[in-house]
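Below are the chains, spelled out letter by letter.
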Amino acid sequence: MTKTTDYRVIGTRPIRHDGVDKVTGRAVYGGDVQMAGLLHGRVLRSPHAHARIRGIHVHKALALAGVEAVVTGEDMPEAGTRVAELGEGAIVVKHLSNNTLARDKVLYKGHAVAAVAATSPQIAEEALNLIEVDYQPLPVVIDVREAMRDDAPLVHDDLITESLGKSTGKPSNIAKHFQFKLGDLEKGLAAAEVVIEREFHTATVHQGYIEPNNATAVYNPDGNVTIWSSTQGAFTVRAQVAELLDMPISRVKVIPTEIGGGFGGKIRVYLEPVAVLLSRKSGKPVKVLMNRADVFEATGPTPGSFIRVKLAADREGRLTAAQAYLAYEAGAYPGSPVGAGAMCVFACYDVPNVVIDGYDVVVNKPATSAYRAPGATNAAFAVETVIDEICEKLKIDPLDFRIKNGAKEGTRRADGPVYPRIGMIETCEAAKKHPHYKAPLSGPQRGRGVASGFWFNIGLKSSATASVNADGTVSLVEGSTDIGGTRTSIAMQLAEALGIAAEDVRPVVGDTEGVGYTDVTGGSRVTFATGWAAYEAAQDIKRQMIARAAQIWDVKPDDVSYEDGILQSRTDRSKRFTFRELAGQLHATGGTIVGRASVDPPCVGGSFATHIVDVEVDPETGKVAILRYTAVQDVGKAIHPSYVEGQMQGGAVQGIGWALNEEYVYNEKGVMTNASFLDYRMPTSLDLPMIDTVLVEVPNPGHPYGVRGVGEVPIVPPPGAIANAIHKAIGVRMCELPMSPGRVAKAVLAASR
Amino acid sequence: MSKKMQIQAKINGRGVDFLCEPRQSLLEVLRDELRLTGSKEGCNNGNCGACNVLLDGKLVNACLVLGVEVQGRSVTTIEGVASPGGLHPLQQKFLEHAALQCGICTPGFIVAAKALLDQKSKPTEHEVRHWLAGNLCRCTGYDKIVRAVLDAAKQ
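Residues numbered from 1 in each chain as written. Chains lettered and ligands numbered in written order. Predicted model: local features only at pLDDT ≥ 70, side-chain atom pairs only at ≥ 80, totals over all residues.

Draft legend 1. Molecular detail of the overall build of chain B. On a plain count of helices and strands, chain B comes out with five helices and five strands. Helices (α) and strands (β) of chain B occur, in sequence order from the N terminus, as β-β-α-β-β-β-α-α-α-α. Scaling as 2.2 N^0.38, a compact globule of 155 residues should have a C-alpha radius of gyration of about 15 Å, and chain B matches this with 15 Å. Seen through its principal axes, chain B has C-alpha atoms that stretch 45 × 30 × 25 Å. Across the 155 residues that make up chain B, the buried fraction comes to 58%. Partitioning the intrachain contacts of chain B with sequence separation of at least 6 by distance along the chain shows that 57% fall at a separation of at least 24. (Helix = DSSP H or I, 4+ residues; strand = E, 2+ residues; numbered from the N terminus. Rg over C-alpha atoms; globule rule 2.2 N^0.38 Å. Buried ≥ 20, exposed ≤ 12 C-beta atoms within 10 Å, placed from the backbone. Contact = placed C-beta atoms within 7 Å.)

Draft legend 2. Layout of the sheet that holds strand 28 (residues 607–617) of chain A. Residues and elements named next belong to chain A. The mixed open sheet is built from four strands, whose spatial order is 20-28-29-30. Looking along the sheet, the strands with just one partner apiece sit at the ends: strand 20 (446–455) and strand 30 (691–696). Put simply, the sheet's adjacent strands are angled 15° from each other on average, direction ignored. Bridge analysis of strand 29 (residues 624–634) against strand 30 gives six bridges, and the strand direction is parallel. Along strand 30, the bridge assignment pairs A631 with T693. Strands in contact with helix 18 (residues 641–660) are strand 28, strand 29 and strand 30; relative to strand 30, the strand with the most contacts, it is inclined by about 125°. (Pairing = 2+ DSSP bridges. Axes fitted to C-alpha atoms, helices over the stretch in contact; angles between N-to-C directions.)

Draft legend 3. Local environment of the domain arrangement of chain A. All names here are of chain A. On domain assignment, one finds that chain A holds domain 1 (4–26 + 459–599), domain 2 (33–138 + 211–260 + 266–298) and domain 3 (305–457 + 604–752). Each of domain 1 and domain 2 has a C-alpha centre, and the two are 39 Å apart. In this complex, domain 1 contributes 12 residues to the contact, which on the side of domain 2 involves 15 residues. Its residues assigned to classes, the side of domain 1 that touches domain 2 comprises four nonpolar, five polar and three charged. (Domains from an automatic or database assignment. Nonpolar A, V, L, I, M, F, W, Y, C, P; charged D, E, K, R; others polar.)

Draft legend 4. Just the pairing of strand 1 (residues 5–11) of chain B, in detail. Residue and element names in this part refer to chain B. Across seven bridges, the pairing between strand 1 and strand 2 (residues 14–20) is antiparallel. Bridge pairing links M5 to C20 in strand 2. Taken together, strand 1 and the strand that follows it, strand 2, pair antiparallel across an intervening segment of two residues, in which N12 is found at a positive phi of about 50°. Bridge count for strand 1 against strand 5 (residues 74–76) is two bridges, and the pairing is parallel. Bridge pairing links K10 to S74 in strand 5.

Draft legend 5. Spatial organisation of the nonpolar core. All names here are of chain A. Core analysis: the largest hydrophobic core is formed by 301 residues, its most contacted members being I227, V361, L494, I722 and I726. Broken down by element, this core gets its largest block of residues, 12 residues, from helix 16 (residues 526–553). Contacts of I726, omitting those with residues within four sequence positions, involve G447, V615, V617, V624, V732, M734, M739 and V744. (Core = buried A, V, L, I, M, F, W, Y, C linked by C-beta atoms within 7 Å.)

Draft legend 6. Region of interest: unusual backbone geometry. The residue after L737 of chain A, namely P738 of chain A, is reached through a cis peptide bond having omega -5°. Looking at the element boundaries, P738 of chain A is found in the loop between helix 19 (718–730) and helix 20 (741–752).

Draft legend 7. Highlighting the sheet that holds strand 22 (residues 474–478) of chain A. All names here are of chain A. Across the sheet, which stays open at both edges, the four strands sit in the order 23-22-21-27 with mixed pairing between neighbours. Each edge of the open sheet is held by one strand with a lone partner, namely strand 23 (505–509) and strand 27 (594–599). Here the average twist between neighbouring strands, direction ignored, is 15°. One ladder, built from five bridges, connects strand 22 with strand 23; its direction is parallel. For E478, the partnering residue across the bridge sits in strand 23 and is V509. Its contacts with the sheet place helix 16 against strand 21 (462–468), strand 22 and strand 27, and it is angled at close to 140° to strand 27.

Draft legend 8. Representation of the interface of chain B and chain A. Listed as interface residues are 45 residues of chain B and, on the opposing side, 43 residues of chain A. Among the elements of the structure, helix 2 (89–96), helix 3 (106–119), helix 4 (125–131) and helix 5 (143–153) of chain B are those that each provide at least two residues to the side of chain B that touches chain A. Looking at which element gives the most residues to the side of chain B that touches chain A, the answer is helix 2 of chain B, with four residues. For the side of chain B that touches chain A, the per-class residue count stands at 21 nonpolar, 14 polar and 10 charged.

Draft legend 9. Molecular detail of the domain arrangement of chain B. Residues and elements named next belong to chain B. Domain boundaries in chain B define domain 1 (5–80) and domain 2 (89–153). The gap between the C-alpha centroids of domain 1 and domain 2 is 21 Å. The leading source of residues in the side of domain 1 that touches domain 2 is strand 3 (residues 52–55), at three residues.

Draft legend 10. Representation of helix 13 (residues 424–433) of chain A. Residues and elements named next belong to chain A. Of all 10 residues making up helix 13, seven are buried, and the element is well covered by its neighbours. Residues of helix 13 that are buried include every one of M424, I425, E426, T427, C428, A430 and A431, and no others. Its buried side turned inward, helix 13 meets helix 12 (398–405), helix 14 (435–438), strand 20, strand 28, strand 29 and strand 30.

Draft legend 11. Looking closely at the environment of H703 of chain A. Residue and element names in this part refer to chain A. The residue H703 is located in the loop between strand 30 and helix 19 in this model. The sequence separation of H703 and P719 amounts to 16 residues, and the corresponding C-alpha distance is 31 Å. Setting aside its immediate chain neighbours within four residues, H703 contacts F528, W532, C603, G605 and G636.

Draft legend 12. Structural detail: the confidence of the model for chain B. Residue-level pLDDT values for chain B average 97, and 99% of them are 70 or greater. In the model output, the complex is listed with pTM 0.98 alongside ipTM 0.98. (pLDDT = per-residue confidence, 0-100.)

Draft legend 13. Looking closely at helix 15 (residues 486–498) of chain A. All names here are of chain A. The terminal C-alpha atoms of helix 15 lie 18 Å apart, and with 13 residues this matches the ideal 18 Å at 1.5 Å per residue to within 8%. For helix 15, a buried count of 13 out of 13 residues is recorded, marking the element as mostly surrounded by other parts of the structure. Trailing helix 15 by a residue or two, G499 shows a phi angle of about 75°, which is positive. (Expected span 1.5 Å × (residues − 1).)

Draft legend 14. Inspection of the packing of helix 2 of chain B against helix 5 of chain B at higher detail. Residues and elements named next belong to chain B. Two numbers describe how helix 2 lies on helix 5: the axes approach to 8 Å, and their chain directions differ by 135°. With respect to helix 5, the axis of helix 2 lies oblique. The chirality of how helix 2 crosses helix 5 is right-handed. Contacts between helix 2 and helix 5 involve P89, L90, K93 and F94 from the former and A148, V149, D151 and A152 from the latter. Taken together, the residues of the contact of helix 2 with helix 5 sort by class into six nonpolar, no polar and two charged. (Parallel < 35°, antiparallel > 145°, perpendicular 65-115°, else oblique. Left-handed = near helix turned anticlockwise from the far one by under 90°.)

What follows is the structure in structure tokens.
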């Protein structure tokens, strides 16, 4: 491994390659796609949270001037009982199909039932009002604990509960119950001085990307379809559309546009298959857009949950046992991230005796999607709060406690894996040394809290192709849609490997026919895995450049060295080319050089974060103000430190929103009553201080440049850290998210009685 | 379908005639009729600021203004912020400070920040945060955006 100080490009802060397009309004996002003859598509959505569809009548809509096509669930091919791997895990195709356009039942308010394509968006919206749907409303269940009761209304009549790997043969809203075990829980509890058990509730929250979901499709008479979409993965859109519409993948071309945020919420398809069906029926290109209410009611969100955590520690403050019960709302279809939540819940700690039970539960809410470290934040809120209470009981500094009990190389997680080199303890040590932690915090109703968090990160498959241009630059085509500056972090790794400047690489994101298969932009994998593909493509270029220099000089390739972008004969030092000089000779000496690589790296480095927060609580209104915030994270190796900081700041602020304000508010009919940005209260610039960052670099031994994923883990600690700070401020333990003014005020009142 | 009206306005310094239905918002006119897609739709009800434009120099949400309302008036969109000679200092500082990730909110932030700096050349951090509270960003946590605006104000 190259030493950090040897890097010339990595660790610098070049201007991102797509920057000018994005600050001038020129970058083309999915909603900006325009073409001749384009029709506008809109989707009709269920007003009921749970209802049987007895009939859909579309003739009045079809008769409206300007309407060119109407589609319903009947236009989707029968999915049968197929299960397919379509992005982030296996999925029952029928569920995805019915979520795209409902067939017999609607399972949540906002569930798509029909779609219209018309010559203007206004006509399309008028036409939606002319579609008549005959609904038979059914009883609604929206809370995970209610849904788990024996007498709860069934969301699916045919969902058979799987428990501990076996079918129970019984239908219920519990899709799955699983368990992880390590050591002997009872023995660990018996050895403890302190045992604390608490229950927690967390609300449903949304990814909150600013750009609504969109899709544009052109279905050609030869059966080939082209789709433009703001997606986290062009190839997963291709796979899902092909699977849902029963087409070979080779018939589906997906062109990823710029994407206006996703955070996990733009992996599943919603509109793409609908746009294809509308285009096929109308014979014209169709662009389908969601409005903001659609986004809240029909996409995302991340699960609400009920969690019980029991922790035990001995007199010296060493954790002896841990138990968790996690019940997550999957939404309308099975597949909540409770599995990940269960793997993460105690992942920051070395605990010898553990039992974790997880429950995946369907409710009449939109089908949940990934959201930044999916499942981990709910779990961390619970466990980090109980850790704080243990520290209080044992009178131990919470960072000292985490340093003492923190997971390290060799620690076994309850779900099996043994950690390689990780940086959990390093983040706590860095937090402890930070001026923030030592700064005095005075004043009434003010408190400081800390919490840690873990996320796995993923590897998966990435491809890149890089062509050497005659002027010494390199055109890089990679397959990862760029959601936050990854063109640059990938290009920088290619530049580092070739010994050229970051600005001399011209990165573009390829479509599904322009680049090799690449998995989704998710799991904090892009800078890690696609960066690795770029590194390998650079090695391929280097090999060929060496061979070409050898050919020109008439020496053996072994005689040619390549270092810092200079090719030189080892035996005759006068024979020397810069990268640029040789690039200029390629056309005359056999043609250009193209490097290529496809990788599926196994050694992802897990990431840990520890956050410090100071809050002030207004005891009358219950409003919590963030006074100061510091995010410490093991980032492996920061390729472009500014964008790493940005990930940490953005993740922390999403966690702050989750902690303090954000939630789906439902009425008794299962209708979300706050489906707008005004009422679903995401943090604004006025709610926040600067977010200080500390980049701890414990290189991932499994990556050529030590990269770990950085994007997800910063959302994990904030709710726990803020809950702990609130406790310090006013002496109240908050066990419910969000810790909104109403809830905090109520807790203050209850405590004062 | 309602009848289209002919509207004359100055868009980014140039006289423009366009047809629009009375029910079309300025945002729809800019994006769908004039193909100025730099103004983004995030919410279509004035809550996110992604469609911020200047109307006679005043900051507005284009989704809350009707197209017909701009008759005889002047509109500046993100496409009109840079000069032929180069980027506006705000645009340059957004790049230098890495004040964007996905970039969808960036046009709105730059137009809004320009409106602030046009009237108050040396705002405090609190004034910047207060002014930009009508613009939502979900990626950055605002830190680098606020720094970029404060730095641009120094120019």
